[in-house]
Each structure stands twice: as C-alpha cells, then as structure tokens.
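# Structure assessment
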Number of protein chains: 2
Amino acid sequence: MTYAGVELGGTKCVAILAPGPGEVLARETVPTTSPEETLGAIANILSRWQFQALGIASFGPVDLDPQSATYGHITSTPKPGWAGTDVLGPLRHAAGVPAAFDTDVNGAALAEMRWGSGRGFQDFAYVTVGTGVGVGLIANGLPMRGFAHCEMGHIRVARLQGDKFAGSCPFHGDCVEGLAAGPSLIARVGTEHVAGLAGDDPLWKSVAWALAQLCHTIVCAAAPRAIAVGGGVLDNQPHLLRRIETMLVESLNGYMTLPAGAPYLRAPALGRDAGPLGAIALAMTVRP
Amino acid sequence: MTYAGVELGGTKCVAILAPGPGEVLARETVPTTSPEETLGAIANILSRWQFQALGIASFGPVDLDPQSATYGHITSTPKPGWAGTDVLGPLRHAAGVPAAFDTDVNGAALAEMRWGSGRGFQDFAYVTVGTGVGVGLIANGLPMRGFAHCEMGHIRVARLQGDKFAGSCPFHGDCVEGLAAGPSLIARVGTEHVAGLAGDDPLWKSVAWALAQLCHTIVCAAAPRAIAVGGGVLDNQPHLLRRIETMLVESLNGYMTLPAGAPYLRAPALGRDAGPLGAIALAMTVRP
C-alpha cells in the first residue's frame with residue numbers, strides 16, 4: 001500500500017507520498033495563497049502520483065461531521081478567502097481514491113501515537129501550545145469527534161491564586177488558550193519582551209498552571225496512557241514540561257494515579273514531520 | 001440472543017435477564033452486604049439462567065484496564081469490605097459466557113444512548129448529579145477509557161464570580177462534585193435546610209454555573225450530539241436543566257455552536273431502569 005498525505009497549513013502545504021513513516025517516496029511543498037490556487041496546485045501533484053488512499057490534515061476549524069452538508073469544509077477561519085472552502089471535495093476528486101479528513105492536530109496526535117511519543121497506545125493525547133492551544137484526543141484508537149473536533153484549548157479552568165490577568169482569548173478571555181498561548185504572553189509583557197523572558201520569570205508559573213489544569217481535565221475525561229505536550233512555547237521554555245507534570249500530580253491529589261514508569265507528559269518525538277506524517281496516519285485509517 | 005445484566009449498586013444489586021430493553025424475562029434483587037455474600041447470591045442467580053453474554057455495571061471506582069492484574073476489581077471504595085474486591089472474576093465464572101464490565105455510569109450512558117435520551121447517536125454524554133457527580137462519555141460508540149474511567153466530576157472549573165464557597169470534595173475542594181453534588185449543598189446550608197431550598201435560592205446559580213462549566217468542557221472535549229443531565233439534585237430542582245443550558249451557551253460564546261433542533265441538554269429517559277438496562281447494553285457489546 002502507498003499513501004498520499006496532505007498537510008494544509010496556514011502558510012504552506014506539504015504533500016508526501018509514502019508507504020509508511022520510514023520511507024518518503026516524494027515530497028512537495030506549495031505556499032498557501034488563495035484556496036483556488038493552493039488546492040489546484042495540490043490537486044495537480046496528487047493527479048501525478050500513484051496511491052491507494054489519501055489523508056488530509058487541515059488547519060481549522062473544519063467541519064468533520066459526515067452528516068453535514070459542509071463536511072470537509074473549513075468553517076470560520078479568520079484567514080482571508082478560506083472561510084467556507086471545500087478542501088476535501090476537490091482533493092478527493094483529484095486523487096480518485098478513498099480519503100480521510102481531519103484537523104492537523106488530530107493527524108499529529110495519531111502520528112505521534114503510531115510512530116512517536118505514544119507508540120503502542122490506543123488512548124493518547126497531544127497538546128500543542130503555540131499561537132493557539134490545540135488538543136488531539138484519541139480514545140479507543142480513534143480521534144474523538146462528535147458534532148465538532150476537540151477544542152480543549154478553549155476550556156475555562158480554575159485560576160492560579162493571585163493571577164489576575166484577564167486572558168487574551170477573544171471568545172473566552174481566560175480559557176487555557178487565553179492564558180498560555182503565544183498571544184497571551186505578548187498581552188502580558190509586550191511583544192518586545194517575550195523572546196527575552198527568563199526561565200525563572202514568574203509568568204511561567206501561570207502558564208504551567210493553566211496547562212496543568214488542561215492536563216488534569218484530559219486525565220479526568222479520557223485517562224490517556226500518556227500526553228505529549230509540545231509547540232513553540234514549550235520548545236522555547238523546555239523547563240515547562242516537568243513543571244506542568246509536578247503541578248498535574250499535585251492537582252489530582254491522589255484521586256487518580258498516573259501510570260508508573262516513563263514520564264506521563266512527554267515531548268513530541270516527530271518534530272516538524274508530525275504534520276505530513278499525520279496526514280499519512282489518517283490515510284492509513286481508510287480501507288480502500 | 002438473550003443477555004444477563006447485573007447492576008452492582010451501593011445498597012442493592014439488580015440482575016435481569018432480557019433479549020433487549022423491551023422484554024425483561026426475569027428480574028432479581030439482592031441487598032449489597034459483604035462481597036462474598038452479595039456476589040455469591042448473584043452467582044447463584046446467574047447459574048440458574050440461560051444466556052449468551054453477561055454485562056456488569058458496577059459502582060466504582062473500578063479497574064477497567066484489561067492489561068492490569070486487578071482488571072474487574074473495585075479499587076479504592078470507602079464502602080467497608082469492598083476495596084480490592086474482584087467483581088468480574090466470580091460472576092464471569094458463574095455465568096460461563098463472555099462478559100463486559102464497566103462502571104454503572106458508563107452502562108447508563110450506553111443504555112440512554114441506545115434506548116433513551118440519546119437514541120441514534122454515537123457520541124453522547126450522561127451526567128448524573130447526586131451524592132457525587134458521575135459522567136459517562138461515549139465517543140465513536142464506545143465509552144472512553146484509557147488507564148481509568150471518566151472522572152469528569154472531579155475537574156476544577158472556573159468559579160462563578162463572587163462565589164467563595166471552598167467546595168466539599170475531600171480531594172479537590174471546589175471541583176464540580178465539590179460545588180454541585182448533594183454533600184456540597186449540605187455543606188453550604190446545613191442538612192436541615194437542603195430539602196426546603198426554594199427554586200429561586202441564589203445557591204442554584206452557583207450549582208448551575210458549575211454544571212454549565214462541566215458541560216462546556218464536555219463540549220470542547222468530545223462534542224457529543226447531546227448531553228443527558230439527571231440524578232437526585234436535578235430531579236428535585238427541575239428548573240436547573242434549562243438554566244444550565246442557558247449558561248452553557250453564554251459560556252461557549254459563539255465559538256462552538258450547539259446542534260440545532262431539540263434541546264442539547266436533556267433529562268434522562270430511562271429513569272430507575274438505566275442501571276440494569278446499562279448492564280444489558282454492556283452485555284450487547286460482547287461478541288460471544
């Protein structure tokens with residue numbers, strides 16, 4: 001079996017052709033411009049390749065409800081021109097094979113579970129903290145999705161005592177994304193100071209607390225075997241991972257005991273390849 | 001196919017024999033005393049019945065991890081004599097057929113989804129607010145479970161502004177259970193005043209808020225097609241259901257839109273039968 005995977009990103013799209021994670025037969029990159037131009041270029045690449053199933057891992061929010069008239073469309077993105085775009089339709093048409101469609105975060109979560117930091121598990125979570133907070137939650141081997149995909153970055157959590165920052169999320173103020181993603185750091189200290197923040201800045205205690213509360217909630221909801229926590233904010237402040245785990249254990253307070261052995265919170269293992277490999281992992285869920 | 005279902009409750013156990021929800025061929029009730037006596041009596045009933053699969057819906061917490069040495073055991077219950085009891089082993093042995101084992105809450109969630117307030121869905125949540133707050137979360141047709149079962153009653157949520165009650169959960173203080181379950185009401189107003197609380201008592205705003213935050217989190221985590229919210233606290237204060245839904249919509253603030261049509265939050269439809277029918281629903285997940 002050979003698979004094609006398309007990662008649709010906000011600035012560029014990556015298409016790869018592969019029988020699995022270890023062997024990439026072809027790889028092409030297309031800048032994300034207008035929907036017509038971008039999807040046309042990807043369709044053109046796909047029509048030249050030979051494969052049995054297609055996976056598409058897209059930036060969101062997207063409509064993942066197969067019962068919906070707009071299944072496979074991007075919904076309400078602020079990205080100019082892309083709101084309401086049918087992504088799945090034209091790419092599936094160009095490919096002429098069965099296609100799986102999901103968010104980039106769910107794709108990365110699946111890829112990390114198959115080949116990275118969650119190898120061997122069927123219940124796993126992937127958290128990425130960058131310009132937003134994305135969460136991919138896999139239960140019983142499948143990404144959870146009901147009428148929408150996982151949006152746990154937007155849960156409201158108990159606040160760290162004494163932290164009065166109002167939060168930067170335009171929808172919820174102090175949800176996890178409003179407390180821990182990149183824009184919240186800028187809102188707290190100003191653009192010019194973010195890059196120079198020291199590891200012992202008190203700000204990180206608030207960020208770690210919000211992410212520990214997110215992890216507490218993920219554990220109570222789905223008890224994944226492990227959680228991968230990555231993204232730009234953690235790449236720049238690697239001390240956060242262990243601080244979050246310490247706070248998580250304190251917060252659970254013995255009511256639930258994390259699996260023994262390896263650390264429960266892990267850095268993702270696939271790095272920049274999580275996106276396109278996520279699309280391949282999605283393609284592998286399709287039965288042609 | 002005929003199934004046997006056992007609901008193991010804190011005060012009594014109900015065993016039923018049924019081909020499905022509409023036709024109960026036999027029904028027996030056993031008081032919950034010591035583990036030996038109780039499980040012995042149930043085993044005796046099961047050994048007299050003819051059926052092809054067994055479902056057990058147990059009070060918890062229980063070990064649901066098939067990889068664990070104590071799979072099918074009750075773990076850390078305060079109920080005298082029951083901590084560490086192997087429930088699945090002796091009942092499966094007596095039945096001599098394949099058996100499914102889960103919590104009473106997950107069983108009830110499955111039964112409500114098959115035959116009650118969540119009919120036709122594959123993604124559904126069931127919340128019961130009584131002496132505790134139990135949550136059953138079904139994604140892709142299966143109860144979510146990783147290294148443990150759903151414990152979303154114990155998430156810490158954003159507090160209602162101005163409410164300074166410390167919460168009554170011995171583990172987490174002001175988690176949802178500590179803010180909204182029966183013991184929290186007693187802790188707030190005293191045992192003698194709980195029964196007489198009027199529907200317009202300001203206390204209910206705090207309770208509704210905590211449950212709305214729980215529902216906000218469930219929506220962000222798994223986007224179930226609907227959530228059933230019931231239990232003793234809601235039975236006594238039926239106005240709560242609509243107040244929680246109003247607060248939920250305000251809290252999501254347009255970021256996610258609940259499915260149109262029927263109310264998103266619903267009263268459970270199966271009443272007291274949710275327990276034993278949950279055990280039958282579990283039995284139906286087994287392939288003999």
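Report on the accompanying structure. Small disclaimer: the values here were computed from a predicted structure and weren't measured.

Here the focus is the packing of aromatic side chains. Enumeration according to the criterion identifies eight aromatic pairs over all chains in this entry. Aromatic pair Phe171(A) and Tyr255(B): ring centres 4.9 Å apart, planes at 70°, arrangement edge-to-face. Of the two residues, Phe171(A) is situated in the loop between strand S8 (142-143) and helix H4 (176-180) and Tyr255(B) in the loop between helix H9 (240-252) and strand S10 (265-266); the pairing between them involves two chains. Owing to a relative accessible area of 35%, Phe171(A) belongs among the partly exposed residues under this scheme. Judged by centre distance (5.7 Å) and plane angle (70°), the ring pair of Phe59(B) and Trp82(B) falls under edge-to-face. With Phe59(B) in the loop between strand S4 (53-58) and helix H2 (88-95) and Trp82(B) in the loop between S4 and H2, this pair connects stretches of sequence that are 23 residues apart. Per residue, the accessibility class of Phe59(B) equals that of Trp82(B), and both read buried.

Paired through their backbone hydrogen bonds, the strands of a sheet run either parallel or antiparallel. All names here are of chain A. Pairing in this open sheet of five strands is mixed, and the strands run S3-S2-S1-S4-S5 from one edge to the other. Each having just a single partner strand, strand S3 (26-31) and strand S5 (99-103) make up the two edges of the open sheet. For this sheet, the mean inter-axis angle between neighbouring strands, taken without regard to orientation, is 15°. Where helix H1 (residues 35-48) meets the sheet, its contacts fall on strand S1 (3-8), strand S2 (12-18), S3 and strand S4 (53-58), and the angle it forms with S3 comes to roughly 165°. Helix H3 (residues 104-115) rests against S4 and S5 of the sheet, and its axis sits at about 105° to S5.

Relative to the helices and strands, His172(A) resides in the loop between S8 and H4. A residue is classified by how much of its surface remains accessible, and His172(A), at 4% relative accessible area, is buried. When the C-alpha atoms of His172(A) and Gly196(A) are compared, they prove to be 28 Å apart, with 24 residues separating the residues in sequence. If we ignore the near neighbours within four places in the chain, the residues touching His172(A) are His154(A), Arg156(A), His216(B), Ser251(B), Leu252(B), Asn253(B) and Tyr255(B). Polar side-chain contacts of His172(A) include one of 3.2 Å to the side chain of His154(A).

Quick look at the side chain of Ser117(A) now. Residue and element names in this part refer to chain A. Mapped onto the elements of the fold, serine 117 is located in the loop between H3 and strand S6 (124-129). Engagement of the side chain of serine 117 in a polar contact is seen with the side chain of glutamate 112, the distance being 2.7 Å. If we skip the residues at most four places from it in the chain, serine 117 touches Glu112, Phe124, Ala228, Arg266, Ala267, Pro268 and Ala269.

So, about unusual backbone geometry. Most peptide bonds take the trans configuration, and most residues that are not glycine carry a negative phi. Residues and elements named next belong to chain A. In this structure, the amide linkage connecting glycine 60 to the following residue, proline 61, adopts the cis form with an omega of 0°. Assignment of secondary structure puts proline 61 in the loop between S4 and helix H2 (88-95). In this structure, asparagine 140 takes a positive phi of about 55° despite not being glycine. Of note, asparagine 140 is situated in the loop between strand S7 (133-139) and S8. Given the relative accessible area of 25%, asparagine 140 is considered partly exposed. Positive phi outside glycine occurs at alanine 223, with the angle close to 45°.

Here we take up the interface of chain B and chain A. Taken together, the 44 residues of chain B in the interface contact 44 residues of chain A. Taking both sides of the interface into account, the surface hidden between chain B and chain A amounts to around 3,700 Å²; carbon and sulfur atoms contribute 59%. Inspection of the region where chain B meets chain A yields two salt bridges. Put simply, chain B and chain A have 24 residue pairs in polar contact (both at pLDDT 80 or more) between them. For the side of chain B that touches chain A, the secondary structure elements donating two or more residues are strand S7 (133-139), strand S8 (142-143), helix H7 (203-222) and H9 of chain B. Considering only residue class, the side of chain B that touches chain A consists of 25 nonpolar, 13 polar and six charged.

Definitions and cut-offs
Residues numbered from 1 in each chain as written. Chains lettered and ligands numbered in written order. Predicted model: local features only at pLDDT ≥ 70, side-chain atom pairs only at ≥ 80, totals over all residues. Heavy atoms only, no water. Phe/Tyr/Trp six-rings, centres within 6.5 Å; stacked < 30°, edge-to-face > 60°. Helix = DSSP H or I, 4+ residues; strand = E, 2+ residues; numbered from the N terminus. Buried < 20%, exposed > 50% of the residue type's maximum accessible area, 1.4 Å probe, protein only. Pairing = 2+ DSSP bridges. Axes fitted to C-alpha atoms, helices over the stretch in contact; angles between N-to-C directions. Contact = heavy atoms within 4.5 Å. Polar contact = N/O pair within 3.5 Å; in protein donor to acceptor, adjacent residues only side chain to side chain. Buried area = accessible area lost by both parts, 1.4 Å probe. Salt bridge = Lys/Arg side-chain N within 4 Å of Asp/Glu carboxyl O. Nonpolar A, V, L, I, M, F, W, Y, C, P; charged D, E, K, R; others polar.

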